[in-house]
Amino acid sequence: MKKALVCGAGGFIGGHLVNRLQSEGYWVRGVDLKENEYGNNNADEFVIGDLRDPKLVEKVVTNDLDEIYQLAADMGGAGFVFTGENDAAIMHNSALINLNVLEEAKNKGVKKIFYSSSACMYPEYNQLDPDNPKCSEDSAYPAAPDSEYGWEKLFSERLFFTYHRNHGIEVRVARFHNIFGPLGTWDGGREKAPAAVCRKVASAKDGGVIEIWGDGKQTRSFLIVHECIDGVRKLMESDFIGPVNIGSEEMISINDFAKMVIDISGKNLTVKNIPGPTGVRGRNSDNALIKEKLGWAPTLPLRKGVEETYKWISDQLKKKQELESQTASIA
Ligand code: NAD
C-alpha cells in the first residue's frame, strides 16, 4: 500500500485530494493548522500542527512515505491577497513551509513530491488585455507577478526545482488556475471569486442587487476541484516535472460569471459594479503543454461545476441562517 503525506489536508483542495488518494488505495497522513471546517477530514492519520516549525515537519515527514503533496499555504482570494495588509505573512509563512518540507523530504529520502504553485506567478504585463491574456508556461519570465503571493509561488517553484537538480528528488510542479467547488471557503474574507459570487447570489432576495468588485470586465477561467485533482494525479504518475498549468480554458468575464450564477439560482437580480481589489485584467489557462505532456486537459463545462458549487453554498447558507435564528431565539 502506498503512503502519502498531504500538507494542507484541512484545506479545500487538500481535503478533496485526501479522499481521492484513499479511493485509489493509498494510506494518507494529513497535516494542517486546523481541521477542515466542512468536516472533510478523512485522512487515516490527521496531525494538527504548524509546518513553519521544523520540529513538526521532522515528525510528519517520515522515511516510509512514497509521496508528499505540498498544498499548505497562507492564502485567500483577492480580498486577502491584493489589499497589501497580509503580504509579509503570506511570504514568510508559505516560504517557511516550503523550505521546511523540502529539506525534510531530502533528509528522509522521500522520492516524490508535488507542489501547488499558482497562475498568480505569471507576469502582469501579459494579463492587461482582458480578452487576450497570455499564460503559457514559457511566458513566466521576465518575472513580474502583481502580488507578493505570486512572487512567493515563483520562488518556491524554483526551490522545488533546485532540490530536484541538486538532490535528485522527483518533483512535480503545477500552476493552478482558480480552483473552485464544494467544500471550499465561501465566507469570512478568504473566499475566492466563484464562492463569493455564489454566496452573494444565494443570500440576495429576488429582485435585489449583488455587488461585484471592479468593472466586471476582468476575465478569468475557473476549474472545478475534481478535475484539478485528476490533473494532479496524472502529473504525479507521469515523468514530466513541470511546471504545468492545471486550469480551464473557458474564459469568462466576472460580470458574465455573475449572470451565470444568477441564472442557475432562478432569481431575478441585478449586478452592480463597485470599487474593490480585482487582480490582473485578464487570465486564462493555456493547456497546450498539459495536453502535449500528459495527453489530457480538463473538459467539464464551467456551468456544470457552478451548478454543483452553487447548490452546496446555498445549502451551507441555509444551515448557517437556521443556526443563527435558533441561537437568537434561545437568547
Ligand atoms: P486552503 O487555504 O483551503 O488550503 C491551504 C491549507 O494550508 C489551509 O487549510 C491552511 O490551514 C493550511 N496551512 C496554512 N499555513 C499552514 C501552516 N503553517 N502549517 C500547516 N498548515 C497550514 O487553500 P486551497 O484553495 O485548498 O489551496 C491549496 C494550495 O493550492 C495552496 O498552496 C494554494 O496556494 C494553491 N492554489 C490554489 C488555488 C485556488 O484557486 N484554490 C489557485 C492557485 C494555487
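It should be noted that the structure appears before, not after, this text.
1. Observations regarding the overall build of the protein chain
Then comes step 1: When helices and strands are counted, the protein chain shows ten helices and 13 strands.
Then comes step 2: Reported as C-alpha extents along the three principal axes, the dimensions of the protein chain are approximately 60 × 50 × 35 Å.
Then comes step 3: In the protein chain, which comprises 331 residues, the share counted as buried stands at 55%.
Then comes step 4: Taking all contacts inside the protein chain whose residues are at least 6 apart in sequence as the whole, residues at least 24 apart take part in 78%.
Then comes step 5: Here the protein chain carries 40 positive and 47 negative side-chain charges, and the mean point of each set is 1 Å from the other.

2. Side note on the site of the ligand
Then comes step 1: In the vicinity of the ligand there are 26 residues, among which Ile13, Asp32, Asp50, Tyr149 and Ile179 approach most closely.
Then comes step 2: The side chain of Asp32 places a nitrogen or oxygen atom 2.6 Å from an oxygen atom of the ligand.
Then comes step 3: Interatomic distance of 2.7 Å between a backbone N/O atom of Ile179 and an oxygen atom of the ligand.
Then comes step 4: Counting residues per element, the ones that place at least two in the shell around the ligand are α1 (12-23), β5 (112-118) and α5 (148-167).
Then comes step 5: Of the residues forming the shell around the ligand, the biggest block, three residues, is contributed by β5.

3. Some thoughts on the packing of aromatic side chains
Then comes step 1: For the structure on display, the rule yields six aromatic pairs.
Then comes step 2: Relative to Phe257, the ring of Phe222 lies with its centre 4.8 Å away and its plane at 45°, an arrangement referred to as tilted. Linking Phe222 in the loop between β9 (219-220) and β10 (223-224) with Phe257 in helix α8 (residues 254-265), this pair joins segments that are 35 residues apart in sequence. Each member of the pair Phe222 and Phe257 is classed as buried.
Then comes step 3: Here the aromatic residues Tyr69, Phe114 and Phe176 are joined through ring pairs into a cluster of three or more.
Then comes step 4: The ring of Phe80 is capped by Arg190, whose NZ or CZ atom sits 4.0 Å from the centre of that ring.

4. Let's talk about the sheet that holds strand β11 (residues 244-246)
Then comes step 1: A sheet is described by the order of its strands in space; here seven strands give the open sequence β3-β2-β1-β4-β5-β6-β11, paired in parallel fashion. Both outer strands of the open sheet, β3 (45-48) and β11, are each paired with one neighbouring strand and no more. Averaged over all adjacent pairs, the angle separating strand axes in this sheet is 20°, with direction ignored.
Then comes step 2: Relative to β3, strand β2 (residues 27-32) is paired through four bridges, and the arrangement is parallel. Within the sheet, the bridge partner assigned to Arg29 lies in β3 and is Glu45.
Then comes step 3: Packing of α5 onto the sheet brings it into contact with β4 (67-70), β5 and β6 (170-176), and relative to β5 it is tilted by some 160°.
Then comes step 4: Along the sheet, helix α7 (residues 225-237) contacts β4, β5, β6 and β11; its crossing angle with β4, the most-contacted strand, is approximately 140°.

5. Structural notes on the packing of helix α6 (residues 193-203) against α8
Then comes step 1: It is the contact of α6 with α8, at a shortest axis distance of 10 Å, that shows an interaxial angle of 45°. In this view, α6 runs oblique relative to α8, as classed from their interaxial angle. For the crossing formed where α6 meets α8, the hand is right-handed. Residues Pro194, Val197, Cys198 and Val201 of α6 form the contact with α8, whose own contacting residues are Phe257, Ala258, Val261, Ile262 and Ser265.
Then comes step 2: Of the residues assigned to the contact of α6 with α8, the class counts are eight nonpolar, one polar and no charged.

Here is what the cut-offs are and how they apply
Residues numbered from 1 in each chain as written. Predicted model: local features only at pLDDT ≥ 70, side-chain atom pairs only at ≥ 80, totals over all residues. Heavy atoms only, no water. Helix = DSSP H or I, 4+ residues; strand = E, 2+ residues; numbered from the N terminus. Buried < 20%, exposed > 50% of the residue type's maximum accessible area, 1.4 Å probe, protein only. Contact = heavy atoms within 4.5 Å. Lys, Arg positive; Asp, Glu negative; His and termini not counted. Charge placed at Lys NZ, Arg CZ, Asp CG, Glu CD. Near = heavy atom within 4 Å. Polar contact = N/O pair within 3.5 Å; in protein donor to acceptor, adjacent residues only side chain to side chain. Phe/Tyr/Trp six-rings, centres within 6.5 Å; stacked < 30°, edge-to-face > 60°. Lys NZ or Arg CZ within 6 Å of the ring centre and 35° of its normal. Pairing = 2+ DSSP bridges. Axes fitted to C-alpha atoms, helices over the stretch in contact; angles between N-to-C directions. Parallel < 35°, antiparallel > 145°, perpendicular 65-115°, else oblique. Left-handed = near helix turned anticlockwise from the far one by under 90°. Nonpolar A, V, L, I, M, F, W, Y, C, P; charged D, E, K, R; others polar.

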